[in-house]
Amino acid sequence: MNIRFATYLFLLITSLLTTQTACAQEDPWNLSLDQFNITYHSFAPWYKTSYYKKQYRIAPDSITRYQGRYAARLQYAPEAPDRSDGQFVNIIYPDVPCKKLKVTFYAKIAGGKPGGVGVLLSQDKGEKTTASDMLTIRDTAWTLYSLELDMSKFSFPIDHIRITTGYSGEESMWLDHFTILADGKPIQETASFCKPVNETIQPLTREQVTRLALLGQIWGFLKYYHPEVAKGNLNWDMELFRMISIAKNTTTDAAFSDSLLHWIEEQGTIKACRDCSAEMPKEALAYNIDLDWMKDPHLSVPLQDKLQFLLANRHKGPGHYVKYDRASNALFQNEPEYKWRNSDYPNENFRLLALFRYWNMIHYFYPYKNIIGKNWNEVLYTFIPRMAEAKDSLIYNTFLVQLITSVNDSHANSYNRIVAKQYELYLPVITYIYNDELIVTGIYNDSLAALAGLQKGDVIEKIGDHTIKQLIEERKGLMSGSNYPTTLRRLSYQNTIAGGREPQVMLTVRRNGRSFTRQAQRYTYDALNYQYKRDSTYWKILPGNIGYVNMGLIERTQVDSMMQALKDTRSIIFDTRNYPRSTVQQIAEYLNAAPVAFAIYTYPDFDYPGAFRWSKEISKCGAWDKKNNKFLYGGKIVVLVNETTQSHAEWSTMAFQSVPGSYTIGSQTSGADGNSSLLYLPGGHSTYMTGLGVFYPDKTPTQQVGVRIDKTVRPTAQGIKEGRDEVLEAAIAYINGKRS
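From a predicted model like this one, the values you see are computed outputs, not experimental measurements. (Residues numbered from 1 in each chain as written. Predicted model: local features only at pLDDT ≥ 70, side-chain atom pairs only at ≥ 80, totals over all residues. Heavy atoms only, no water.)

Colleague: So what about the overall build of the protein? Which residues, and what values?
Modeller: Per the secondary structure count, the protein includes 18 helices and 31 strands. In terms of C-alpha radius of gyration, the protein reaches 29 Å, essentially the compact-globule figure of 27 Å for 740 residues. Counted over contacts in the protein with a minimum sequence separation of 6, partners at least 24 positions apart contribute 75%. A total of about 32,800 Å² of accessible surface is found on the protein, and carbon and sulfur atoms cover 48% of it. If you average the places of the 82 positive and of the 75 negative side-chain charges in the protein, the two averages end up 4 Å apart. (Helix = DSSP H or I, 4+ residues; strand = E, 2+ residues; numbered from the N terminus. Rg over C-alpha atoms; globule rule 2.2 N^0.38 Å. Contact = heavy atoms within 4.5 Å. Areas by Shrake-Rupley, 256 points an atom, 1.4 Å probe, with all protein chains shown as cover. Lys, Arg positive; Asp, Glu negative; His and termini not counted. Charge placed at Lys NZ, Arg CZ, Asp CG, Glu CD.)

Shown next, in the form of structure tokens:
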């Protein structure tokens with residue numbers, strides 16, 4: 001650890017520990033074991049694993065306990081028909097810098113063989129074990145046990161500590177009242193490293209925004225390009241925290257550039273490569289790369305030259321932070337989640353870290369950055385003041401969600417409980433947005449819906465003083481969607497239009513052409529006592545000898561028997577308005593006489609982050625094999641799609657479209673084809689992005705636009721009211737030779 005960084009860390013820690021009055025806080029990790037959910041039989045966030053022996057039951061014990069409400073009892077129970085418990089585990093996210101970390105707990109055994117409690121400390125997301133210990137529990141009376149870990153050799157922050165307990169005896173072991181001490185003080189009573197202590201929020205100047213943006217870009221560039229940084233040899237998040245203060249407080253461009261240049265040189269010597277070049281390889285796809293910011297006039301010429309030298313002598317291949325997964329899309333690893341106390345509203349450093357980490361992941365590895373619909377550099381400049389100046393948890397989390405959804409990718413889901421809480425109460429009816437109107441398509445609770453005076457088929461025109469169109473415009477930034485129909489679906493599905501925090505709300509409703517107002521009650525979802533009626537039809541034969549297959553239900557083990565059952569039908573309708581279970585390749589063996597190409601994709605080039613390459617092979621499906629009792633189906637193939645057809649469903653649809661004469665009916669699909677990549681953000685937030693660029697063999701795109709459709713059919717208001725499936729009706733009409 002260099003002296004400059006050590007001084008910065010000491011001052012930051014001193015500020016946290018001396019300016020905040022220590023006070024007892026809620027037990028976020030349930031170390032006391034007093035929080036037990038009877039419904040789920042859980043001591044969450046403690047969880048059970050079966051990595052040891054599946055011969056134990058882990059349950060609360062309110063009789064034999066050290067103190068409080070419960071102790072955890074690990075009981076030998078080989079006779080239990082449902083035994084599956086093994087180890088009892090908790091993952092703790094230590095958010096206080098310290099020299100010594102001590103874990104204490106009380107334990108006892110009934111007798112017989114001893115039990116054991118182990119503590120494993122991990123320095124990063126990649127489960128790199130750095131310290132561990134195991135204690136043997138022998139006492140039959142409550143006894144205090146402890147483990148102490150020397151933290152001096154670890155660089156803070158540490159991703160997590162895993163407390164793992166297991167029992168190998170044939171009776172019982174009890175555990176109770178865990179504590180974690182940071183330098184002798186209970187960790188819950190010490191200010192979290194991410195807590196905004198004495199933080200005074202002031203509007204950023206234009207110069208500060210510019211320098212922070214350039215810092216975020218250079219920090220990300222070094223993360224993936226610098227040979228030493230890309231190896232993970234440095235605590236790169238903490239380096240960012242050190243430089244944020246410099247970026248905000250430096251008064252001239254020259255001084256700022258000198259600081260950045262010195263910072264880069266601190267990261268280690270970069271060896272010149274004789275055969276290297278800053279030029280893009282000819283076979284790489286350059287449409288998505290953007291490094292023009294390196295020539296920003298606010299950066300000095302020596303700094304620009306240094307960045308160009310780094311570009312030419314860059315790290316190549318997978319690195320510490322990103323590598324290929326099995327499908328060749330980006331797998332982000334070793335990104336600490338910082339699931340710390342106060343992470344719902346962390347300090348400015350962590351708020352900006354969330355922005356810079358996400359922005360750079362998209363900037364270098366999102367295959368569709370070129371069609372997001374906005375300049376990605378401008379997104380960075382827009383969100384810097386939003387994140388830095390966010391005054392409370394709701395504002396910060398709202399901006400975080402809006403940042404994620406700004407990529408306009410249906411894969412970019414991110415559940416945020418702070419934002420979701422604003423829409424936690426439900427009307428007693430199921431709604432669907434159609435032509436910017438909210439239609440009641442079902443009932444959550446009959447009696448409560450009757451009390452509200454709402455019926456299936458009603459059109460809700462206004463909620464309070466806002467029209468549905470106004471609410472859509474106001475809240476669409478909270479939903480990810482590659483296209484507008486998908487955004488509307490998610491607004492409905494996630495209760496973001498009809499939901500709210502006010503128990504009572506005035507509705508303007510239209511029924512049979514007449515509008516009226518109603519005061520309706522909202523409820524928690526559990527209070528609605530809704531029993532979801534899951535479709536259990538895997539396949540069936542419709543009137544007229546037409547086969548129907550629900551691709552969201554059919555399993556691989558059922559494909560052969562299904563095709564045998566539908567062998568003599570005139571046509572088979574494959575419904576992909578769901579999420580298929582990886583069966584299309586197996587089904588296609590009955591549909592194509594020989595393998596047929598149906599998709600080609602692009603994948604990230606880790607030798608030049610930001611560039612992509614075409615896959616060498618084109619995805620094919622079908623390989624009719626008469627020897628394995630397969631037959632070649634001779635009827636028509638029809639595929640049903642809509643905005644719920646996403647990712648693997650779109651991929652499956654493209655495969656079905658390779659069958660000669662196949663016909664696709666429905667409306668625009670989600671436009672998020674291909675495998676997805678998981679992205680971790682500070683505060684325990686996570687999201688996804690489409691990881692591969694997916695195209696038809698002729699390189700026609702599918703992202704945002706969706707798959708090809710032969711006949712567009714959308715539900716109508718009348719059809720929704722009547723509960724009809726108009727897309728399926730259109731498919732049957734097509735098979736029967738009817739044209740409309």
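Colleague: Give me the lowdown on the environment of Gly-666, citing residues and values where you can.
Modeller: Mapped onto the elements, Gly-666 comes out in strand β27 (residues 663-666). For the pair Gly-666 and Thr-486, spaced 180 residues apart in sequence, the C-alpha separation works out to 14 Å. Apart from residues lying up to four places away in sequence, Gly-666 is in contact with Val-641, Ile-709, Lys-711, Thr-712, Val-713 and Val-727.

Colleague: Account for the packing of aromatic side chains, naming residues and giving values.
Modeller: Inspection of every chain in the model, using the stated rule, returns 40 aromatic pairs. Plain terms: the ring middles of Tyr-224 and Tyr-364 are 5.6 Å apart, the flat faces sit at 65° to each other, and that makes the pair edge-to-face. Of this pair, Tyr-224 sits in helix α2 (residues 206-225) while Tyr-364 sits in helix α6 (residues 348-365), and the two are 140 residues apart along the sequence. This pair shows no difference in class: Tyr-224 is buried, exactly as Tyr-364 is. Through a chain of ring-to-ring contacts, three or more aromatic side chains come together here, namely Phe-221, Tyr-224, Tyr-225, Trp-293, Tyr-324, Phe-332, Tyr-364, Phe-365, Tyr-603, Phe-606 and Tyr-608. (Phe/Tyr/Trp six-rings, centres within 6.5 Å; stacked < 30°, edge-to-face > 60°. Buried < 20%, exposed > 50% of the residue type's maximum accessible area, 1.4 Å probe, protein only.)

Colleague: Before we move on, could you go through the sheet that holds strand β31 (residues 711-712) and cite the residues and values that matter?
Modeller: An order of β20-β21-β22-β26-β27-β31 is seen for the six strands of this open sheet, with the pairing classed as mixed. Each edge of the sheet is formed by a strand with only one pairing partner; in this case those strands are β20 (539-542) and β31. For β27 and β31, the ladder comprises two bridges, and the chain directions are parallel. By the bridge assignment for β31, Ile-665 is matched with Lys-711. Running over the sheet, helix α18 (residues 726-735) touches β20, β21 (546-550), β22 (571-575), β26 (636-641) and β27 and is turned about 160° from β26. (Pairing = 2+ DSSP bridges. Axes fitted to C-alpha atoms, helices over the stretch in contact; angles between N-to-C directions.)

Colleague: Summarise the pairing of strand β15 (residues 437-443); cite the residues concerned and give the values.
Modeller: Summarising the sheet, strand β14 (residues 429-434) and β15 pair through six bridges and their orientation is antiparallel. Bridging across to β15, Tyr-432 finds its partner in Ile-439. In textbook terms, the turn of a hairpin is the stretch between consecutive antiparallel strands, and for β14 and β15 this stretch comprises two residues, one of which, Asn-435, has a positive phi near 50°. The pairing of β15 with strand β16 (residues 459-463) spans two bridges and is antiparallel. Bridging from a neighbouring strand, Leu-438 pairs with Ile-460 of β16.

Colleague: Run through the packing of helix α3 (residues 236-249) against α6, naming residues and quoting values.
Modeller: At their nearest, the axes of α3 and α6 sit 10 Å apart, and the two run at 110° to each other. Here α6 runs roughly perpendicular to α3, going by the angle between their axes. Between α3 and α6, the residues in contact are Asp-237, Leu-240, Phe-241, Ile-244 and Lys-248 and Glu-348, Asn-349, Phe-350, Leu-352, Leu-353, Phe-356 and Arg-357, respectively. Across the contact of α3 with α6, the residue classes break down as seven nonpolar, one polar and four charged. (Parallel < 35°, antiparallel > 145°, perpendicular 65-115°, else oblique. Nonpolar A, V, L, I, M, F, W, Y, C, P; charged D, E, K, R; others polar.)

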